[in-house]
Every structure is written in structure tokens, then in C-alpha cells.
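Below are the chains, spelled out letter by letter.
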Amino acid sequence: MPSRSWLLSLAISLLAIVWTAVGLDNGLALTPPMGWMTWQRFRCITDCAKYPDECISERLIKRTADLMVEKGYADAGYKYIVIDDCWLEKNRSDDGYLLEDRARFPHGMKALAHYVHSKGLLFGIYENYGNKTCAGYPGIYGHEKVDISRFADWGIDYIKVDGCYFYGNDYSKGYELLQKTLNSTGRPIVYSCSYPAYEDESSIPTDFQLLADNCNLWRNYDDIQDSWNSVTQIVDWFALKQDHIAKFAGPGHWNDPDMLLIGNYGLSYEQSKTQMALWAILAAPLLMSNDLTNIRKEYEEILLNKRIIEIDQDPLGIQGLRVYRRSSIEVWTRKISPVNIDEYSYAVAFCSRRTDGSPYEFTTTLRRIGLKFTMGYTIQDVYSGDEWDGIYLSNTNLTVRVPPTGVVFLKATVLI
Ligand code: GLA
């Protein structure tokens, strides 16, 4: 029979879910969406004669769908395959429809969606609320109804709506209209909104409540690039704005720091571990953008680490915060389940910005970083799965060694 405290903690978890689920009510993205997206790795490669394995095409999508299943990504929770920009013909049809590029998608999007679905995966697409997409293909501004009903007919499950070439004066109104149009199709479609990133760029304050009411996820800031420098810039932005934005994350509505770079060219192994840990702390969508054909095993292990995915997907959906910084070690914590009455468990990431030699020895108490439960916590290393001996009280010293630009990622579970 379940113990009283277990039942209480379950009740609190359920309450938290109901309480925070005040956003877009399409019942989707109750945990941050997970999947794969073309842009970061494959950009706008359209020359299939020159780059047959990399061009944005049905061949790339089918190959990725196969690999997502074969290599265990689908089982680990990565379900959405999203085609970003550059899938269209440069012009609409004479009767005003968007056309997928006929050479690169010879069987059409409907057939491709069908293929993705047949693998047990979900299918996403990119469009832009403006006259053109960022790469110059036709946008949906002025064609919202007809385009969205076509997408629904194709069987798409996710749409990323970008904000290039928009000449109106209120992004949020247009995106709200699109949300209604999406809802009116009757098809459940995850709605990713990019406009906050454009508002941020122009110093226009974003109405985050409205955003959470309309969108399942949203891009807050600049595009990620394949470098550690880009990761740290994004992370710094999230830390700087955390008091303002973190509260708008929750089941159904998420801040999106952009794609995972892991498995590409720019991040070292330690830096890849840091990105994965921080994205889990931030309750971020886990959208890989890499070539699954030849990704190295150690990177694959990072992406498939069950304990990290579980933290990212924690049902409470509380976004984590940077809580402490000393000697270029940043401590990030995220409240997660299980909960004991009103005491949370925590994911704790010690991230180094240091570039000197040996792993840096860093000592703190749990209390110092906000873990104050008097009965204490058990601790597990999230990457290795190793459990630390004993119970950690809030005033016990805790020492970790953090590799340069790397991470030590722990889970502190409340005693129940
Ligand atoms: C913008 C977006 C990117 C990507 C490109 C495509 O830059 O922020 O994520 O979608 O457009 O052109």
C-alpha cells in the first residue's frame, strides 16, 4: 500500500500540473517536445546533386526517421521530426497553394508525413508569419487559412512559425490568429512561435502571458550556432532574464533556447554534456539537429541518457534557475519530482566556464544553493548513474570536480 507521504507528494504533483496548465489548451506538449530538426546541421542545403546526403529532401527525412527508430531515439522519447526552412518551391501554384519542392520531395509532403507516422513518429514543418521565410521562400502572411488547412490535410503534428519579413506592428495578434486557425482544423498541432526572439532583437517587450496562452513553445533569443560561444551566450541570456521568463514555462508552454548541437562539429565532449544538462535544467525542448548516420557513440550516449531525459521531462515542468556563481563555476538547479509535502527534489548542474587545466574542485553546501530540506537528500550522479553514499543534509559540505567548460550533473532526491 502506498505511504501517506507518497500519496501526498502525488497529490501535490497533480495539483502543480493542473495549476500550471493555464496556457494554450490544445492538450499538447505537456512536457517539452523532443525530436529532431533540420536547420542547425543541414541549414538550407538544396543542391542534392552536389550534397545528396545532406540536402533538405524526403530522402534525408526518411533516413532520419529510420535511424530515430533503429538507434533507440524514438524509444527514448524523441518523437517529432521537423523540416525547417527550404522545403518549398520558390513560388506558390497559380491557384495560390504552397508547393513542396518537387525535385526534393517527389512524393509530396502528405506521403512523407505518412511515412514518418508509419514509423511511430510525428511530423513537423516550418513556415513564417511574414511575406517570405527567412531563407526567402513564400511565407504564410495573407494565406493563413488555406495554408494551415493544407498542413492539417497533409497530417502535420507540429509547426514552427518564424517571424522574418513581417511588416505589421503587432506580432502577437497575428500569432494569436494563427493559433485559432490551427485549433479550427481540429488536428492536434504543436505550435512553436518564434516572435519573442524578433521582439527581443528590437527591444519590444513580449507579453509572456499572452504568449503562453497561444503557443506551446517559443524561441526567446538568437539562433544557436555550432559553437560553445553560442551556447554560453544563450545560457547567459536565459540567466539574465530568468526572473522574468522562467515562470511562464510549464506543461503545455515552454521557453526554447533552440536546438541541441550534440553530435556536430563545434562542441567538445564535455561541452556537449554541459549543453544537455543545461537544456534539461531549463525544461527546454530537446530538438536535436545532427546527422544520425555517423554520430559518434559517446555523443549518442549523451543524447540517450535516460536520467537526463527524465529530468527534462519532469511532469512538474518547472524551469530551473542559475542560483550561484563563484570562481567561474555556475550552479543551476531545477525543482523536480518526487516531492515530499512541499519539499522538492532537485536537478543540480555545476557548470564550468573555466578554461584552465585540471578539473576545478568546488565545495558548497546544499543550503547555499537553495536545498534546505532538514531530513536531507540522497544524491546520484546523473551522467554515470552512480549513487553517492549516505544522506546529504542541507549543511553538509558537498565537493565536486568540474572539468573545464564541463559539467557535474547531480540529482538530489528528497527523503520520503
Ligand atoms: C531563422 C530561425 C532559425 C531557422 C532559420 C531558417 O533564423 O531563427 O531557427 O528557422 O530562420 O531560415
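Residues numbered from 1 in each chain as written. Predicted model: local features only at pLDDT ≥ 70, side-chain atom pairs only at ≥ 80, totals over all residues. Heavy atoms only, no water.

Colleague: Talk me through the overall build of the chain; I want residue IDs and the actual numbers.
Modeller: If you tally the helices and strands in the chain, you get 14 helices and 15 strands. For the chain, whose C-alpha radius of gyration is 22 Å, the value lies close to the compact-globule estimate of 22 Å for 416 residues. On the principal axes, the C-alpha backbone points of the chain span a range of 70 × 45 × 45 Å. Out of the 416 residues belonging to the chain, those deemed buried represent 57%. Looking at the chain alone, contacts between residues at least 24 apart form 72% of all its contacts between residues at least 6 apart. Accessible surface, the chain: about 17300 Å² in total, of which carbon and sulfur atoms supply 51%. Each charge class in the chain was averaged separately, 42 positive and 52 negative side chains, and the resulting centres sit 3 Å apart. (Helix = DSSP H or I, 4+ residues; strand = E, 2+ residues; numbered from the N terminus. Rg over C-alpha atoms; globule rule 2.2 N^0.38 Å. Buried < 20%, exposed > 50% of the residue type's maximum accessible area, 1.4 Å probe, protein only. Contact = heavy atoms within 4.5 Å. Areas by Shrake-Rupley, 256 points an atom, 1.4 Å probe, with all protein chains shown as cover. Lys, Arg positive; Asp, Glu negative; His and termini not counted. Charge placed at Lys NZ, Arg CZ, Asp CG, Glu CD.)

Colleague: Outline the UniProt feature "domain: Alpha galactosidase A C-terminal" (unreviewed entry) in the chain, listing residues and values.
Modeller: Here the UniProt feature "domain: Alpha galactosidase A C-terminal" (unreviewed entry) sits at residues 317-406. Within the segment residues 317-406, helix and strand shares are 0% and 50% respectively, and the terminal C-alpha atoms sit 25 Å apart. (UniProt positions renumbered as here; feature names shortened; annotations may be inferred.)

Colleague: So what about the pattern of salt bridges? Which residues, and what values?
Modeller: Under the defined criterion, the tally for this structure stands at 23 salt bridges. Note that glutamate 301 and lysine 297 form a salt bridge whose closest N and O atoms lie 3.0 Å from each other. Of this pair, glutamate 301 and lysine 297 are both found in helix 13 (residues 297-303), four residues apart, which corresponds to roughly one turn of the helix. Judged by relative accessible area, which is 57%, lysine 297 ranks as exposed. Residues arginine 353 and glutamate 330 are paired through a salt bridge, measuring 3.7 Å at the closest nitrogen-oxygen approach. Of this pair, arginine 353 sits in the loop between strand 11 (343-352) and strand 12 (360-365) while glutamate 330 sits in strand 10 (residues 329-340); the two residues are 23 residues apart in sequence, bridging distant segments of the chain. Through salt bridges with shared partners, a single ionic network connects Asp236, Arg322, Glu330 and Arg353. (Salt bridge = Lys/Arg side-chain N within 4 Å of Asp/Glu carboxyl O.)

Colleague: How would you explain the domain arrangement of the chain if you had to name every residue and give the values?
Modeller: In many analyses, interface size is given as the accessible surface area lost on bringing the parts together. Domain annotation of the chain identifies domain 1 (4-312) and domain 2 (321-414). Its C-alpha centre places domain 1 at a distance of 30 Å from the equivalent point of domain 2. The partner domain 2 presents 30 residues to the 31 residues of domain 1 that form the contact. On the domain 1 side of the interface with domain 2, the three residues burying the most area are Ile281, Arg307 and Ile311, jointly 26% of the side's total. Counting every contact that joins domain 1 to domain 2 gives three salt bridges. Remark: the boundary between domain 1 and domain 2 carries twelve residue pairs in polar contact (both at pLDDT 80 or more). At the level of elements, helix 1 (4-20), helix 10 (228-240), helix 12 (269-281) and helix 14 (306-312) are the ones that each hand at least two residues to the side of domain 1 that touches domain 2. Top element by residues in the side of domain 1 that touches domain 2 is helix 12. It accounts for ten residues. (Domains from an automatic or database assignment. Buried area = accessible area lost by both parts, 1.4 Å probe. Polar contact = N/O pair within 3.5 Å; in protein donor to acceptor, adjacent residues only side chain to side chain.)

Colleague: So what's going on with the packing of helix 6 (residues 144-154) against helix 7 (residues 171-184)? Which residues, and what values?
Modeller: Two numbers describe how helix 6 lies on helix 7: the axes approach to 9 Å, and their chain directions differ by 40 degrees. Regarding the angle of helix 6 to helix 7, the classification is oblique. Note that helix 6 runs across helix 7; the crossing there is right-handed. Here helix 6 contributes Glu144, Lys145 and Ile148 to the contact with helix 7, which in turn contributes Leu178, Thr181 and Leu182. Here the contact of helix 6 with helix 7 is composed, by residue class, of three nonpolar, one polar and two charged. (Axes fitted to C-alpha atoms, helices over the stretch in contact; angles between N-to-C directions. Parallel < 35°, antiparallel > 145°, perpendicular 65-115°, else oblique. Left-handed = near helix turned anticlockwise from the far one by under 90°. Nonpolar A, V, L, I, M, F, W, Y, C, P; charged D, E, K, R; others polar.)

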